[in-house]
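Notes for the structure review
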Amino acid sequence: MTKRSAKLSVDGKAVIELPIHEGSLGYDVIDIGRLGGNGLFTYDPGFSSTAACQSDITYIDGENGVLLHRGYPIEVLAEKSDYLEVCYLLFEGNLPTADQKVDFERTIRYHTMVNRSIELFISGFRYDAHPMAMLCGLVGAMSSFYHDSLDITDQQQRTISAHRLIAKMPTMAAMCHKHYIGQPYVYPDNSLSYAENFLHMMFGTPCEEYEVHPALTKAMDRIFLLHADHEQNASTSTVRLAGSSGANPFACIAAGIAALWGPAHGGANEAVLNMLNEIGDEKNIPKYLKRAKDKQDPFRLMGFGHRVYKNHDPRATVMRESCDEVLSVLGLENDPLFKLAKKLEQIALEDDYFVEKKLYPNVDFYSGIILKAIGIPVEMFTVIFATGRTVGWISHWNEMISNPYRIGRPRQLYTGAKTREFPEV
Ligand code: SDX
């Protein structure tokens, strides 16, 4: 098949022919690697049109609202799979056989405990430290406990680190919550499933038995699943860039957690709940939509819009269905925030501004309502996102390190001072 290429001319002069690489789905890419040698860089702040890597893990079609994990549509995985099975799929590349699934679940359960020193580490945080601040510190500190799995050139050690991260995130997340509310830690109970164990550590106490409601376990597992991975988003790109320097996997995931924290990214779920509480009543929706459209007003409709999706975020659709299920099981069908959110979505999607700019609800719009119904406090929302996304981060990190890679080092358009003399005194 003939090799495709793009021919670039500058000021009417032919400059260079650039090869085009074709993927299995989605956009092809123009390889600009040779451009630098011709005295030119490309310029794409925000990377709207830039593919920073090649990946087999997740595919997003923003125009048609498609999300595939290793080729499986997110809607199918949400209905037929569970979080740990999707973890195996993302990291290993294929769905596990029945035996592989049992073995993987056993491995993850084996790693759920954390070193007792982590408790001392957490006790150093202020009582009201934001759980994301604690989680960021804890995950970065993990490299100081696991010296036996830091050789990133050894696939077996990369896999053990991945298992440790997937297994220990719920334990550490629950510990951050317990520290925040001043309650004793609840150790993992390995007779429970992943999501059940997390809710048990979050809401159980040493004083009495704690039964997790099966509907809440299913909703929690689905929340983790829907957040598992999302191609080269800001936090995943941060993990890849950190990993490209050869940093250890725990440091890379800590960098991803830091990037996720921002309200434009994973911090949006917390911001959506705060926004809905601020709007308070349907009669206030027009006032807030007006603010969202006012360029002079920094207010944005949190949970709306996406860099890639210019159609419905398929995760938001599944999340809204889960909202309905959880709230009806809990007898909260008339939850005022859920009713307000549905009304806000309906009005926004009928508004020319949102229609023209193709701003739809994203994964964060409904997740907060489910988390609130489960009993998760709002300051823990982004911690939940980070817990679910850890498998995506570590799968992308492993994919990069398993193949030839170079340190990521973008260039710039320099607009500063030209060389000038230091003033004689
Ligand atoms: C996540 O990348 C991923 O995959 C992320 C994620 C994942 O799983 O990893 O999907 C998770 O981060 C979801 C997004 C959560 N963030 C929010 O809900 C915060 C609110 N949304 C916006 O901040 C915004 O939509 C972003 C950050 C999500 C996307 O920003 P872009 O792609 O840079 O788009 P933009 O800011 O250039 O907006 C384009 C236009 C602008 O108007 P104009 O300047 O063209 O006139 O749309 C407007 C924006 O003002 N706009 C909004 C808006 N989002 C965009 N106006 C009002 N409310 C909004 N929410």
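Let me begin by describing the structure that accompanies this report.

Quick look at the site of the ligand now. The environment of the ligand is formed by 24 residues, the closest being His230, His306, Arg307, Arg315 and Arg389. One of the backbone N or O atoms of Leu301 is found 2.8 Å from a nitrogen atom in the ligand. Between an oxygen atom of the ligand and a side-chain N or O atom of Arg389, the distance comes to 2.7 Å. In terms of residue class, the shell around the ligand is made up of 10 nonpolar, 7 polar and 7 charged.

The next point concerns the packing of helix 8 (residues 214-226) against helix 17 (residues 381-401). Relative orientation of the contacting elements helix 8 and helix 17 amounts to 65°, with a least axis distance of 7 Å. Judged by the angle between their axes, helix 8 and helix 17 are roughly perpendicular. Between helix 8 and helix 17 lies a crossing whose hand is right-handed. Contact residues: helix 8 offers Met220, Ile223 and Phe224, while helix 17 offers Ile384, Thr387 and Gly388.

This part covers the packing of helix 9 (residues 234-243) against helix 17. To describe two helices that pack against each other, one gives the angle between their axes and the distance between the axes. With their axes 9 Å apart at the nearest point, helix 9 and helix 17 run at an angle of 40° to one another. Relative to helix 17, helix 9 is oriented so that their crossing is right-handed. Note on element contacts: helix 17 touches helix 9 through Arg389, Trp393, His396, Trp397, Glu399, Met400 and Ile401, opposite Ser235, Thr236, Val239, Arg240 and Gly243. Grouping the constituent residues of the contact of helix 9 with helix 17 by class yields 5 nonpolar, 4 polar and 3 charged.

Before going further, it helps to examine the pattern of salt bridges. The final tally for this structure, using the stated rule, is 18 salt bridges. With a closest N to O distance of 2.6 Å, Lys101 and Asp82 form a salt bridge. Taken as a pair, Lys101 in helix 3 (residues 98-110) and Asp82 in the loop between helix 1 (74-80) and helix 2 (83-92) lie far apart in primary sequence, 19 residues in all. The salt bridge involving Glu85 is made with Lys101; its shortest N-O contact spans 3.8 Å. Here the residue Glu85 occupies a position in helix 2, and Lys101 occupies one in helix 3, the gap between them amounting to 16 residues.

Thresholds applied
Residues numbered from 1 in each chain as written. Predicted model: local features only at pLDDT ≥ 70, side-chain atom pairs only at ≥ 80, totals over all residues. Heavy atoms only, no water. Near = heavy atom within 4 Å. Polar contact = N/O pair within 3.5 Å; in protein donor to acceptor, adjacent residues only side chain to side chain. Nonpolar A, V, L, I, M, F, W, Y, C, P; charged D, E, K, R; others polar. Axes fitted to C-alpha atoms, helices over the stretch in contact; angles between N-to-C directions. Helix = DSSP H or I, 4+ residues; strand = E, 2+ residues; numbered from the N terminus. Parallel < 35°, antiparallel > 145°, perpendicular 65-115°, else oblique. Left-handed = near helix turned anticlockwise from the far one by under 90°. Contact = heavy atoms within 4.5 Å. Salt bridge = Lys/Arg side-chain N within 4 Å of Asp/Glu carboxyl O.

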